[in-house]
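# A structural walkthrough
The chain contents come next:
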Amino acid sequence: MSTPAATMVSPLQIGPHTVQPPVVLAPMAGITNAPFRTLCRGFAEGDGWGPGGRPPGAGSGGKGLFVSEMITTRALVERNEKTMQLIHFDATEKPRSIQLYGVDPATVGKAVRMIAEEGLADHIDLNFGCPVPKVTRKGGGSALPYKRNLLRAILREAVSGAGDLPVTMKMRKGIDDDHITYLDAGRIAVEEGVTAIALHGRTAAQHYGGTADWDAIARLKEHVPEIPVLGNGDIWSAEDAVRMVRETGCDGVVVGRGCLGRPWLFSDLVAAFEGRTDDSARPTLRAVADVMVRHATLLGEWIGDEARGVIDFRKHVAWYLKGFAVGSEMRKRLAITSSLAELSEGLAELDLDQAWPLGADGPRGRTSGNNRVVLPDGWLKDPYDCAGISEDAELDTSGG
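Just so it is clear, the model here is predicted, and its values are computed rather than measured.

### Things to note about the pattern of salt bridges
Counted according to the given criterion, the structure contains 22 salt bridges. A salt bridge links glutamate 226 to arginine 187; the shortest N-O distance between them is 2.9 Å. Within this pair, whereas glutamate 226 is found in the loop between helix 8 (214-223) and strand 11 (229-232), its partner arginine 187 is found in helix 7 (residues 182-191), the two being separated by 39 residues in sequence. Classification of arginine 187 by relative accessible area gives partly exposed; the value is 25%. As a salt-bridge pair, arginine 243 and glutamate 247 come within 3.6 Å of each other at their nearest N and O atoms. Note that arginine 243 and glutamate 247 are positioned in helix 9 (residues 238-248) at a spacing of four residues, about one turn of the helix. Of the residues examined, arginine 243 reaches a relative accessible area of 37% and is grouped as partly exposed.

### A look at the sheet that holds strand 5 (residues 97-101)
Sheet architecture is closed into a barrel: eight strands sit in the order 3-4-5-6-7-10-11-12, paired in parallel fashion. Between one strand axis and the next, the sheet turns through 25° on average, direction left out of account. In the packing of helix 10 (residues 265-273) onto the sheet, the strands contacted are strand 3 (23-25), strand 4 (65-72) and strand 12 (252-255), and the crossing angle to strand 3 comes to about 165°.

### Some points on the packing of helix 11 (residues 285-303) against helix 12 (residues 306-313)
How two helices sit against one another is set out by the angle between their axes and by the gap between those axes. At a minimum axis distance of 7 Å, the contact between helix 11 and helix 12 shows a crossing angle of 130°. Judged by the angle between their axes, helix 11 and helix 12 are oblique. Here helix 11 and helix 12 pass one another in a crossing that is right-handed. Between helix 11, through Met292, His295, Ala296, Leu299, Gly300 and Ile303, and helix 12, the contact on the second element is made entirely by Glu306, Arg308, Gly309, Val310, Asp312 and Phe313. Residues that form the contact of helix 11 with helix 12 fall into these classes: six nonpolar, three polar and three charged.

### Some thoughts on the environment of isoleucine 235
With respect to the helices, strands and loops of the structure, isoleucine 235 is situated in the loop between strand 11 and helix 9. On the basis of relative accessibility, which here comes to 4%, the residue isoleucine 235 falls in the buried class. Each C-alpha atom, one on isoleucine 235 and one on aspartate 361, is 9.8 Å from the other, the two residues being 126 residues apart in sequence.

### Quick look at the packing of helix 7 against helix 8
Where helix 7 contacts helix 8, the two axes come as close as 10 Å, and the packing angle between them is 35°. In terms of crossing hand, the pair formed by helix 7 and helix 8 is right-handed. Contacts from Tyr182, Leu183, Gly186 and Arg187 of helix 7 reach helix 8 at Ala216, Arg219, Leu220 and His223. Among the residues forming the contact of helix 7 with helix 8, the class breakdown is four nonpolar, two polar and two charged.

### A closer look at the packing of aromatic side chains
Considering all chains together, one arrives at six aromatic pairs under this definition. With 5.8 Å between their ring centres and 80° between their planes, phenylalanine 324 and tryptophan 356 make a pair best called edge-to-face. Of the two residues, phenylalanine 324 is situated in the loop between helix 13 (317-321) and helix 14 (328-334) and tryptophan 356 in the segment after helix 15 (340-348); the sequence distance between them amounts to 32 residues. You'll find phenylalanine 324 and tryptophan 356 in the same group, each marked buried. Three or more aromatic residues joined by ring pairs make a cluster, and in this case those are Phe43, Trp264, Phe313, Tyr320, Phe324 and Trp356. It is lysine 147 that lies over the ring of tryptophan 379; its NZ or CZ is 4.9 Å from the centre. Stacked on the ring of tyrosine 208, the Lys or Arg arginine 172 has its end atom at 5.0 Å from the ring centre.

Thresholds, definitions, all that
- Residues numbered from 1 in each chain as written.
- Predicted model: local features only at pLDDT ≥ 70, side-chain atom pairs only at ≥ 80, totals over all residues.
- Heavy atoms only, no water.
- Salt bridge = Lys/Arg side-chain N within 4 Å of Asp/Glu carboxyl O.
- Helix = DSSP H or I, 4+ residues; strand = E, 2+ residues; numbered from the N terminus.
- Buried < 20%, exposed > 50% of the residue type's maximum accessible area, 1.4 Å probe, protein only.
- Pairing = 2+ DSSP bridges.
- Axes fitted to C-alpha atoms, helices over the stretch in contact; angles between N-to-C directions.
- Contact = heavy atoms within 4.5 Å.
- Parallel < 35°, antiparallel > 145°, perpendicular 65-115°, else oblique.
- Left-handed = near helix turned anticlockwise from the far one by under 90°.
- Nonpolar A, V, L, I, M, F, W, Y, C, P; charged D, E, K, R; others polar.
- Phe/Tyr/Trp six-rings, centres within 6.5 Å; stacked < 30°, edge-to-face > 60°.
- Lys NZ or Arg CZ within 6 Å of the ring centre and 35° of its normal.

Right, here's the structure in full:
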């Protein structure tokens, strides 16, 4: 595979926080918890392959921004036990970045003020991009920017409640090709004091199918020159990230599915944006297996139970092993392990000297598209009327 050519890119400024190079880990429900962020930060900051996976100075800041998984504002305000665990940050995480989901301006405002007053985070990102039905059917996520006045009210409450904390937002192009919202939403965000915008170049109807529209990212950058615009969608390699910046003029990149089973992608991204074009990680299966065990170990430590940590890790197995010659029966066996010993023993039976396989850098995760977007009744009748929001619109649990 070719390596990305060096490119000059300015540091990303998120309020008082300088992010250089400007690479961001996208919030992903059930994925971007503290253990996964620790892995990604380790690789970004220089020695993720080293003993223990925690390089000297990990979390010292600057080598990327790593955002928590989605936190529901209602659950946060009510101090839901699961939610309070999800907002726990490692002591080395700087800046601490929380993504919030909410559809009620008052509740969003309470959640943001709680974060600011109690010092729970250093940066707040707002989710207007989630396409899953349980979110959009309540008018949230990627459905919400269609209601321009509601979007404005939420952003106003968030920015005013945040005090000195920077507020950013992540969104999609719109609900579908007939209901495109990103340019209006971008202008509203600027007017309400949002610090930066990340745009996933797909509609909600596309979910993760088809090809991301990078031209839309370029158009948004032209439309809101006052603040940074970050591009998201179809970044599977450092080469993709560099190309996105060059082709769209965006100020940074947000990487989600591209790092599933590949936390070392952040090493590649940092190297590419720093001009080190020959540093792309091509680990053997042995190195990948070591990271797998480390990931499962960190999950167990975070949850406080080894078995539960390994069970939570099961979803990652197929992503880590993509492209390697591992039989279907062994894949199934590794995906039902319940202890670190069982996981390690299974991995030890593989041909660990396998080189990084061709084609392993492509799409990962679900790629379905052309979905019907589930919306509240009458949602599309008026892009300004907010009457469709019901009292139960706020999800009571976090994590997507």
